[in-house]
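Listed below, chain by chain, are the residues.
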Amino acid sequence: QVRLVESGGGLVQPGGSLRLSCAASGIIFSIYAMDWYRQAPGKERELVATITSGGTTNYADSVKGRFAISRDSAKNTAYLQMNSLKPEDTAVYYCKFTVGTGVGSAFPSQDYWGRGTQVTVSS
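In this report, we go over the structure that sits alongside the text. These numbers come from a predicted model, not from an experiment.

## Here we look at the state of the cysteines
Taken as a whole and judged by the stated rule, the model has one disulfide. Here cysteine 22 pairs with cysteine 95 through a disulfide, and the sulfurs are 1.9 Å apart. Negative torsions about the S-S bond denote left-handed disulfides, and the value of about 55° found for cysteine 22 with cysteine 95 makes this one right-handed. Of the two residues, cysteine 22 is situated in strand E3 (residues 18-25) and cysteine 95 in strand E9 (residues 91-100); the sequence distance between them amounts to 73 residues. Pair check on accessibility: cysteine 22 and cysteine 95 agree, each one buried.

## Quick look at the packing of aromatic side chains
What the rule picks out here adds up to one aromatic pair. Centroid distance tyrosine 37 to tryptophan 113: 4.9 Å. Interplanar angle 50°. Geometry classified as tilted. Taken together, the positions of tyrosine 37 in strand E4 (residues 30-39) and tryptophan 113 in strand E10 (residues 110-113) put the pair 76 residues apart, joining distant regions of the chain. The exposure class of tyrosine 37 is buried, given its relative accessible area of 15%. The class for tryptophan 113 is partly exposed, based on a relative accessible area of 38%. Just above the ring of tyrosine 94 sits the side chain of arginine 45; from NZ or CZ to the centre is 3.8 Å.

About the thresholds
Numbering of residues starts from 1 in each chain and follows the order in which that chain's sequence is written. Residues qualify for local features only when their pLDDT is at least 70, as the model is predicted, and side-chain atom pairs are given and counted only at 80 or more; totals for whole chains, interfaces and linings, by contrast, use all residues. As a convention, hydrogens and water are excluded, and side-chain values are obtained from all of the structure's heavy atoms. When two cysteine sulfur atoms lie within 2.5 Å, the pair is treated as a disulfide. Labels follow the DSSP assignment, with helices taken as runs of H or I lasting at least four residues and strands as runs of E lasting at least two, numbered in each case from the N terminus. Three exposure classes are used, based on accessible area relative to the maximum for each residue type with a 1.4 Å probe and protein chains only: buried under 20%, partly exposed in between, and exposed over 50%. Only rings of Phe, Tyr and Trp enter the pairing, Trp through its six-membered ring, and a pair is recorded when the two centres are within 6.5 Å. The plane angle decides the type: under 30 degrees is stacked, over 60 is edge-to-face, the rest tilted. The rule for a charge over a ring is simple: NZ of Lys or CZ of Arg within 6 Å of the ring centre, and within 35 degrees of the ring normal.

These figures capture arrangement, not role.
Rendered as structure tokens:
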């Protein structure tokens with residue numbers, strides 16, 4: 001079983017910055033992708049950013065130019081640097097890793113989710 005733990009959330013004023021971290025533990029042979037999602041009250045969960053094992057990144061239009069996803073493969077950790085934060089960024093942020101736990105057909109890749117960390121942007 002793979003466990004993901006997010007950290008770094010909190011309360012910040014509009015225009016401020018936060019950096020979220022997501023660290024994975026468990027039996028991990030490879031991580032194919034690391035993703036950040038968010039879910040605001042009353043809204044559906046949305047994909048914010050993703051980074052592949054090859055380093056390719058993608059962002060939601062709403063955060064492009066303000067957020068940056070990165071990884072530390074040696075630490076099995078993903079980061080989300082959030083700058084120029086807006087009240088509409090307020091949400092619970094979740095990380096999701098697509099993980100391979102072994103070699104061969106007996107060990108297909110699986111998605112694992114963190115429990116989430118609250119980000120609140122308010123004056």
